[in-house]
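Summary of structural features
This is what each chain is made of:
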Amino acid sequence: MFSRSALSRGAQLAARRQGCSQLAQRRAYAAAASSARSALNYDTAEVAQVKVATRDSHGPTTKLAVVAKAGTRYQPAPGLTVGLEEFAFKSTEKRTALRIVREAELLGGQLIAYHTREALVLEASFLREDIPYFTELLAEVVSQTKYTTHEFHEDVERVLKVKQAKLAHDVSALALDSAHSVAFHTGLGASLYPTSSTPLKSYLNEHSVADYAGAVYAKSNIALVGDGATPTALHKWTEQFFKSVPASPTSAVALNTKPTTYYGGEQRVAHTAGNSLVLAFPGSSFGTYKPEIAVLASLLGGQPNVKWSPGFSLLSKAAASVPGVVASASNLAYSDAGLLTIQITGGAASVRKAGEEAVKALKSISEGVSKEDLTKAIAKAKFNALEASQSGISTLLSAGSGIIHTGKPFQIAETVTSIDGVTAEKLKTAAKSLIDGKATVAAVGDLNVLPYAEELGLKV
């Protein structure tokens, strides 16, 4: 039989081993968390006078994007940003549009172009080993696109009319556009996409698009962002292929660079396709990030996190009591301004009722918030930020926009750290400043039913 002392020594040894194992496990978790957080950040450098940001997720695919300071706020005339977007991946000095399509498909790649109010993005997604071809292609599109007459009439104009027809029936997009117009007037207030009533013929043609391209496609005005590539590889091919990109603008076209001013106000548009109401307030920008606004947007929320549950957010609870309504809150961040929006869509009477409940919810936050709701809102804001950092499109866009506007990418680790510092008092103060300040209200739909700002208790 074993002696008691032997059993005791065995128990002590087992306990010691278990303690060491738990310590090692905790250290491993900490190291993994640190590694994961660093993997969310971009390494930046200047290569061949081009600002380059890259991070390596060590996966089999890569996303590579040119982000240009060419969104609708910078266009000197309506339609130029859209025209430049539609000319992406068309014929260049070296390749026809058909050849570009066939080569990209042979390599399994995907090519897209899109724009925001501040940026124009040319993006390629491909297998990791094909980075030389797609780096060359992006440089070629930026510096050697032909802007031909036949492509303008056959492709650009045709697609533009199709998208305009779709926009004409999207009351949510129209309401959000109206809110930006009222809030900022020009610049960020410019329509994200020109409506069919916009007089484009006097502004938009292949020559005006080419002139706009000469003003925005310059090394001083773009950033190259890679996700899933090593800095060594991306720097090598950038050095080789981006030499042909002009260092400075080659066109006399002057961009609209006026700083943003928030005005606020109200706009109402009659429409038969549906009803949408936008309540907006000054929000958080990339330049001056306000974590309390991110937490406030999460607390207002709108969509439940768990199926069959209305969720903890105030808007989701309000929407649950009003049938047929979709309500959501979000902060739209730009380089020098932000817009905290509450958007409600549905039947006219239901939208009106939900709008009243949304204002009540915001006022209740200005009077105080429970510890439990604050904890949930902070966790949700952190999750939203981290989840967005893993999405290729939003990550490339935010990193590139940060570089071309502030000189550095928007780093997610800094965001998460600041969100942890939000207190109930900070949230209460932020909500009160919005309620007491000048709001922006845009209503699209049945104006006989949709409320005025004054009826909701908002100042405009």
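Structure: see above.
Reference entry: report on the structure contained in this document. For clarity, every value in this text was computed on a predicted model and none was experimentally measured.

This brings us to the pairing of strand β5 (residues 120-127). Within β5, 7 of the 8 residues are buried, which leaves it mostly tucked inside the rest of the structure. As judged from the 8 bridges shared by strand β3 (residues 61-68) and β5, these two strands associate in the antiparallel manner. Following the sheet pairing, A65 is matched in β5 by E123. Pairing between strand β4 (residues 110-115) and β5: 6 bridges, direction antiparallel. Note on β5: the bridge partner recorded for I112 is E123. Here β4 folds back onto β5 in antiparallel fashion, the turn holding 4 residues.

What follows deals with the pattern of salt bridges. All chains considered together, the criterion is met by 20 salt bridges. A salt bridge links E85 to K163; the nearest nitrogen and oxygen atoms lie 3.7 Å apart. Residue E85 is found in helix α2 (residues 80-86), and its partner K163 is found in helix α5 (residues 149-167); the two are separated by 78 residues along the sequence. In this structure, D436 engages K432 in a salt bridge whose closest nitrogen and oxygen atoms are separated by 2.8 Å.

Here we take up empty space enclosed by the protein. Going through the model one piece at a time under the given rule, you end up with 1 cavity of 30 Å³ or more. Approximately 30 Å³ is the volume found for the largest cavity. As for the largest cavity, its lining consists of L84, F87, A88, V141, T145, Y147 and Y217. Here the lining of the largest cavity is composed, by residue class, of 6 nonpolar, 1 polar and no charged.

Quick look at the sheet that holds strand β7 (residues 265-270) now. Spatially, 5 strands are ordered β7-β11-β8-β10-β9 in an open sheet, and the strand pairing comes out mixed. Two strands lie at the open edges of the sheet, namely β7 and β9 (325-333), each paired on one side alone. Ignoring strand direction, the axes of neighbouring strands in this sheet form an average angle of 10°. Relative to strand β11 (residues 440-445), strand β8 (residues 276-282) is paired through 5 bridges, and the arrangement is antiparallel.

Attention now goes to the environment of S350. Structurally, the position occupied by S350 is in helix α11 (residues 348-366). Taking relative accessible area as the criterion, S350 reaches 17% and is therefore assigned buried. For the pair S350 and G83, spaced 267 residues apart in sequence, the C-alpha to C-alpha distance is 38 Å. If sequence neighbours within four positions are ignored, S350 has contacts with V322, P323 and V325.

Below, the discussion takes up the packing of helix α9 (residues 291-300) against helix α12 (residues 371-389). The contact between α9 and α12 brings their axes to 8 Å, and the two run at 110°. Relative to α12, the element α9 is oriented roughly perpendicular. Along the contact surface, α9 presents A294, V295, S298 and L299, while α12 presents D373, L374, A377, I378, K380, A381 and N384.

One pass over the structure, following the stated rule, counts 5 aromatic pairs. Judged by centre distance (6.2 Å) and plane angle (75°), the ring pair of F184 and Y262 falls under edge-to-face. Separated by 78 residues along the polypeptide, F184 in helix α6 (residues 171-184) and Y262 in the loop between α8 (231-241) and β7 bring together distant segments of the chain. Residue F184 is classed as buried on the basis of its relative accessible area of 2%. By relative accessible area, which is 24% here, Y262 ends up partly exposed. Ring pairing ties together the aromatic residues F126, Y133 and F134, which thus form one cluster. Directly above the ring of Y452 sits R268, whose terminal nitrogen or CZ lies 3.7 Å from the centroid.

Within α8, the full set of buried residues consists of L234, W237, T238 and F241. Angularly, the buried residues of α8 cover 105° about the axis, an arc narrow enough to put them on a single face. Exposed residues pointing more than 90 degrees away from the buried face of α8 are listed as T232 and K236. Buried-residue contacts for α8 involve β1 (43-47), β2 (50-55), β3, α4 (131-144) and β6 (222-227).

Time to look at the side chain of Q343. Tracing the sequence through the fold places Q343 in strand β10 (residues 338-346). Residue classification places Q343 among the buried residues on the basis of a relative accessible area of 15%. Q343 has contacts with S172, A175, L176, S276, L277, V278, V326, A327 and S328, leaving out every residue within four places of it along the chain.

Turning our eyes to something else, we now look at the side chain of S335. You can see S335 is positioned in the loop between β9 and β10. When its relative accessible area of 14% is taken as the criterion, S335 is described as buried. Polar side-chain contacts of S335 include one of 3.4 Å to the side chain of R73. A polar atom in the side chain of S335 sits 2.6 Å from the side chain of E118. In contact with S335, other than residues within four places in its own chain, are R73, Y74, E118, S285, F286, G287 and H405.

The rules behind the values
- Residues numbered from 1 in each chain as written.
- Predicted model: local features only at pLDDT ≥ 70, side-chain atom pairs only at ≥ 80, totals over all residues.
- Heavy atoms only, no water.
- Buried < 20%, exposed > 50% of the residue type's maximum accessible area, 1.4 Å probe, protein only.
- Helix = DSSP H or I, 4+ residues; strand = E, 2+ residues; numbered from the N terminus.
- Pairing = 2+ DSSP bridges.
- Salt bridge = Lys/Arg side-chain N within 4 Å of Asp/Glu carboxyl O.
- 1 Å grid on protein atoms, 1.4 Å probe; cavity = no way out; pocket = protein on both sides within 12 Å on 5 of 7 lines; lining within 4 Å.
- Points joined across faces, edges and corners; volume = space filled by probe spheres on them.
- Nonpolar A, V, L, I, M, F, W, Y, C, P; charged D, E, K, R; others polar.
- Axes fitted to C-alpha atoms, helices over the stretch in contact; angles between N-to-C directions.
- Contact = heavy atoms within 4.5 Å.
- Parallel < 35°, antiparallel > 145°, perpendicular 65-115°, else oblique.
- Phe/Tyr/Trp six-rings, centres within 6.5 Å; stacked < 30°, edge-to-face > 60°.
- Lys NZ or Arg CZ within 6 Å of the ring centre and 35° of its normal.
- Arc of directions from axis to C-beta.
- Polar contact = N/O pair within 3.5 Å; in protein donor to acceptor, adjacent residues only side chain to side chain.

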